[in-house]
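So you can see what is in the structure, the chains are spelled out below.
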Protein chains: 2
Amino acid sequence: MPFEVTILGCSAAIPTSSRNPSAQLVNLLGRFFLIDCGEGTQVQLRRNNFKIQKINYICISHLHGDHYLGLFGLLSTMSLLNRKKELIIFAPKGLSKILDLHFKLSYSVLSYKLKIVELVSGEKTKIFEDDALELYSFPLKHRIPCWGFKLIEKKQPRKMLKNIINKYDIPFDLINSIKLGQDFTANNGEVIPNEKLTTSSHIPRSYAYCSDTKYFEKLPHYIKNVDILYHESTFHSLLSNRAVSTFHSTSQDAANVALKGNVKTLLLGHFSSRYKDLDLLKHDAEKIFKNVEIAMEGKTWKIKKYFLDEINY
Amino acid sequence: MPFEVTILGCSAAIPTSSRNPSAQLVNLLGRFFLIDCGEGTQVQLRRNNFKIQKINYICISHLHGDHYLGLFGLLSTMSLLNRKKELIIFAPKGLSKILDLHFKLSYSVLSYKLKIVELVSGEKTKIFEDDALELYSFPLKHRIPCWGFKLIEKKQPRKMLKNIINKYDIPFDLINSIKLGQDFTANNGEVIPNEKLTTSSHIPRSYAYCSDTKYFEKLPHYIKNVDILYHESTFHSLLSNRAVSTFHSTSQDAANVALKGNVKTLLLGHFSSRYKDLDLLKHDAEKIFKNVEIAMEGKTWKIKKYFLDEINY
């Protein structure tokens, strides 16, 4: 089952003719999370042939327009297409108020239940979980209250080795407990240890999203060890003064977070409209961190599965 | 000097991957009016290589999201690019409130003065004029308060005939009064009648915008004789029941308005996402009115100049 991230928008506040405001779609085992929803997101979803009703969760990092203004239109279209399933939005305080005002002014009533969960300030917080995943928010440092998000798979049960069920004639009703680690006692009394019956499942995959923020000491801790870190890279390090004054990051700030956070891949995004050649930003980050990629709209990053014997911790 | 309309968005409420929500740019003698501003308008303006700071007037027909949700982002970008010039928005009551809330939530202060002129219900009303044009609003019949707009050139002064100034040795300080219709007395006492000195300027050009509305008797009167009428054509006449129940028009409703209003060209727009082949709607309208065109994003309609001797009234 996939864990993948499709970039729908990766511009900073001023969009360009080829880069849209922030939005991305995360597919975690068939659960679809929309992370940020800048203006134009619903059209970007259509361009990627994605059925919008599949989205069940939306995370809004903060209430700057380039991160949430696509929400009104997306919610309305879901309603015009007669959505019935509840939609959950994790968002800063204030979103309910402006959504309510828009729906009042446009005399609109949604066809489905909208549940808005307000993000809380403070430390990293688990804001959602189900049987397969956990979703965390954590505070960023921007000009207005702003949060990052981290999605992590839950540890999956061990997998039965090939043909092992026939070999030991294992009853069907014991399989689940063996997958959870139990040994098996065969009919002849022999105890088969679990490691001879099963193999470990993959290491839980994880993804973190950090936009918009300036660099701060605690940030690497929040995103520690994720497979892919999407981090804003509004400016080249040559404009670090501008990054500091606008509470944004340079490519090298993002690389520092990736390095200290021991992530596998750093995916740069949220690019200022002044940059045509994004390789400039990639090379800037690569001076500090090796595995850097550049967000590109319409492109999907699949998170690879690793197993314990492949990794040295 | 041009009078032209560039279509930026011509979809109905649900945008498609190739059609954006309502927006269009009118250039009337170098004054730029943005009429409606659906989600994605600022990107559409960029795609058409238009400098957004040239816009000085914005007309918002009503507060359904597909007609105004691009405004927040456009206004913010104008501010980020350090606009200083005042911007005037003609819009329904309620727009100020939601804009103020957005700016409050995003801790934003605009770099320029925003003047919002509330549209008034009732009859056709002149809401703006300068030395070259007049702008009118008129009520439409939609599910929420909604207005159409009409832009009309003021009558231009007559034009001096070629070489006439040299022929009669006309002093420079008399030229303006001659252009306004005065005769000229030559040095020898001969009175030269104005029609021998000047030629008539073109008939004032005009444009009207009607979206969203159902058909009603008074509508042709509001847009009487315009050169181009942009009229919504959400549905084919086969779906006239749906048009009535949603307070929209069919292509034939639009054609009836064009016919009774004696317009020169009917430009259909605001197409439901169900229609891939828009010629269906064109042919539907052509059963009633001859000169029908289909709005297309990125395309510009130039309004031709006509002179009195070309037209039979």
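This is a predicted model, so every value here is computed, not measured.

**Comments concerning the overall build of chain A**
Phase 1 of the analysis: A count of helical and extended segments in chain A gives eleven helices and 18 strands.
Phase 2 of the analysis: Seen through its principal axes, chain A has C-alpha atoms that stretch 70 × 50 × 35 Å.
Phase 3 of the analysis: By residue count, 44% of the 313 residues in chain A fall in the buried class.
Phase 4 of the analysis: Intrachain contacts of chain A at a sequence separation of at least 6 include 64% that bridge at least 24 residues.

**Section: the domain arrangement of chain A**
Phase 1 of the analysis: Considered domain by domain, chain A is made up of domain 1 (3-156 + 201-310) and domain 2 (159-199).
Phase 2 of the analysis: Look at where the C-alpha atoms of domain 1 of chain A and domain 2 of chain A centre, and you get two points 42 Å apart.

**Describing the interface of chain A and chain B**
Phase 1 of the analysis: If you look at the interface, chain A gives 32 residues, while chain B gives 32 residues.
Phase 2 of the analysis: Sorting the residues of the side of chain A that touches chain B by element identifies α1 (41-47), α3 (71-80) and α4 (95-105) of chain A as the ones contributing at least two each.
Phase 3 of the analysis: Split by residue class, the side of chain A that touches chain B holds 13 nonpolar, 14 polar and five charged.

**Things to note about the nonpolar core**
Phase 1 of the analysis: Ranked by internal contacts, the top residues of the largest apolar core, which has 149 residues, are Leu229 and Leu266 of chain A together with Leu229 and Leu266 of chain B.
Phase 2 of the analysis: With sequence-adjacent residues up to four places away left out, Leu229 of chain A is seen in contact with Ala208, Cys210, Ile223, Val257, Ala258, Gly261, Val263, Leu266 and Leu267 of chain A.

**Concerning the packing of helix α9 (residues 251-260) of chain B against helix α10 (residues 279-286) of chain B**
Residues and elements named next belong to chain B.
Phase 1 of the analysis: Their axes nearest at 8 Å, the elements α9 and α10 cross at an angle of 45°. Classed by the angle they form, the pair α9 and α10 counts as oblique. The two elements α9 and α10 meet at a crossing, and its hand is right-handed. Of the residues in α10, those in contact with Ser251, Gln252, Ala254 and Ala255 of α9 are Leu281, Asp284 and Ala285.
Phase 2 of the analysis: Of the residues assigned to the contact of α9 with α10, the class counts are four nonpolar, two polar and one charged.

**Quick word on the pairing of strand β3 (residues 31-37) of chain A**
Residues and elements named next belong to chain A.
Phase 1 of the analysis: Counting buried residues along β3, five of its seven residues qualify, which places the element largely inside the surrounding structure.
Phase 2 of the analysis: The pairing of strand β2 (residues 23-28) with β3 spans six bridges and is antiparallel. Paired with Leu28 across the two strands is Arg31, which belongs to β3.
Phase 3 of the analysis: Hairpin connection of β2 to β3: two residues between the antiparallel strands, including Leu29 at a positive phi of 55°.
Phase 4 of the analysis: Two elements, β3 and strand β4 (residues 55-59), share four bridges in a ladder whose sense is parallel. Residue pairing in the sheet places Phe33 in a bridge with Tyr57 of β4.
Phase 5 of the analysis: In this view, the connection linking β3 to its parallel neighbour β4 by way of α1 has right-handed handedness.

**Some details on the sheet that holds strand β1 (residues 3-9) of chain A**
All names here are of chain A.
Phase 1 of the analysis: Within the open sheet, the seven strands sit side by side as β6-β5-β4-β3-β2-β1-β18. Their pairing is mixed. Single-partner strands in this sheet number two, and they are β6 (114-118) and β18 (300-302). Shown here is a sheet whose adjacent strand axes are inclined to one another by a mean of 20°, direction ignored.

**Considerations on the pairing of strand β1 (residues 3-9) of chain B**
Residue and element names in this part refer to chain B.
Phase 1 of the analysis: Counting buried residues along β1, six of its seven residues qualify, which places the element largely inside the surrounding structure.
Phase 2 of the analysis: The pairing of β1 with strand β2 (residues 23-28) spans six bridges and is antiparallel. Paired with Phe3 across the bridge in β2 is Leu28.
Phase 3 of the analysis: Two strands pair when backbone bridges link them, and β1 and strand β18 (residues 300-302) are joined in this way by three bridges, in the antiparallel orientation. In the sheet register, Val5 faces β18, and the bridge partner there is Trp301.

**Overview of the sheet that holds strand β5 (residues 87-91) of chain B**
Residues and elements named next belong to chain B.
Phase 1 of the analysis: Read from one edge to the other, the open sheet built from seven strands follows the order β6-β5-β4-β3-β2-β1-β18, with strand pairing classed as mixed. Strand pairing shows two members of the sheet lacking a second neighbour, β6 (114-118) and β18, which therefore form its edges. Looking at each pair of strands side by side, their axes are set apart by 20° on average, direction ignored.

**Quick look at the relation of the copies chain A and chain B**
Phase 1 of the analysis: Here chain A sits on chain B after a turn of 180° about the axis and a move of 0.0 Å along it, with an RMSD of 0.1 Å. Such values leave the two copies arranged in the relation of a two-fold axis. Measuring from the rotation axis to each C-alpha of chain A, the shortest distance belongs to Gly40 of chain A, at 2.7 Å.
Phase 2 of the analysis: In this assembly the copies share their binding face: 100% of the residues contributing to the interface of chain A also contribute to that of chain B.

**Points about the environment of Leu75 of chain B**
Residue and element names in this part refer to chain B.
Phase 1 of the analysis: The topology assignment puts Leu75 in helix α3 (residues 71-80).
Phase 2 of the analysis: Classification of Leu75 by C-beta neighbours within 10 Å gives buried; the count is 25.
Phase 3 of the analysis: In this structure the C-alpha to C-alpha distance between Leu75 and Leu110, which are 35 residues apart in sequence, comes to 7.9 Å.
Phase 4 of the analysis: Apart from the residues within four sequence positions on either side, Leu75 is in contact with Leu110 and Leu114.

**What to know about unusual backbone geometry**
Phase 1 of the analysis: The omega angle of the peptide bond from Ser211 of chain A to Asp212 of chain A is 5°, so this bond is cis rather than trans.
Phase 2 of the analysis: You can see Asp212 of chain A is positioned in the loop between β14 (206-210) and α8 (219-222).
Phase 3 of the analysis: Even without being a glycine, Leu29 of chain B presents a positive backbone phi close to 55°.
Phase 4 of the analysis: Looking at the secondary structure, you find Leu29 of chain B in the loop between β2 and β3 (31-37).

**Regarding the confidence of the model for chain A**
Phase 1 of the analysis: Averaged over chain A, the pLDDT score is 95; the fraction of residues at 70 or greater is 98%.
Phase 2 of the analysis: Of the two predicted TM-score estimates for the complex, the pTM is 0.91 and the ipTM is 0.88.

**Regarding the packing of α4 of chain A against helix α4 (residues 95-105) of chain B**
Phase 1 of the analysis: Running from N to C, α4 of chain A and α4 of chain B cross one another at 170°; their axes reach a closest spacing of 10 Å. Considering their axes alone, α4 of chain A and α4 of chain B lie roughly antiparallel with respect to each other. Read as a crossing pair, α4 of chain A and α4 of chain B show a hand that is left-handed. From α4 of chain A, Lys97, Ile98, Leu101, His102 and Leu105 of chain A reach across to α4 of chain B, where they touch Lys97, Ile98, Leu101, His102 and Leu105 of chain B.
Phase 2 of the analysis: Class assignment of the residues belonging to the contact of α4 of chain A with α4 of chain B gives a composition of six nonpolar, two polar and two charged.

**Points about α10 of chain B**
In an α-helix, one full turn covers 3.6 residues, which means residues spaced three or four apart are oriented alike.
Residues and elements named next belong to chain B.
Phase 1 of the analysis: Regarding α10, the residues found buried are Leu281, Asp284 and Ala285. Within α10, the buried residues cover an arc of 95° as seen down the axis, which keeps them to one side.
Phase 2 of the analysis: Elements in contact with the buried residues of α10: α9, β16 (265-269) and β17 (292-294).

Cut-offs and rules
Residues numbered from 1 in each chain as written. Chains lettered and ligands numbered in written order. Predicted model: local features only at pLDDT ≥ 70, side-chain atom pairs only at ≥ 80, totals over all residues. Helix = DSSP H or I, 4+ residues; strand = E, 2+ residues; numbered from the N terminus. Buried ≥ 20, exposed ≤ 12 C-beta atoms within 10 Å, placed from the backbone. Contact = placed C-beta atoms within 7 Å. Domains from an automatic or database assignment. Nonpolar A, V, L, I, M, F, W, Y, C, P; charged D, E, K, R; others polar. Core = buried A, V, L, I, M, F, W, Y, C linked by C-beta atoms within 7 Å. Axes fitted to C-alpha atoms, helices over the stretch in contact; angles between N-to-C directions. Parallel < 35°, antiparallel > 145°, perpendicular 65-115°, else oblique. Left-handed = near helix turned anticlockwise from the far one by under 90°. Pairing = 2+ DSSP bridges. Right-handed = clockwise from strand over helix to strand, strands pointing away. Least-squares fit on C-alpha atoms with pLDDT ≥ 70 in both. pLDDT = per-residue confidence, 0-100. Arc of directions from axis to C-beta.

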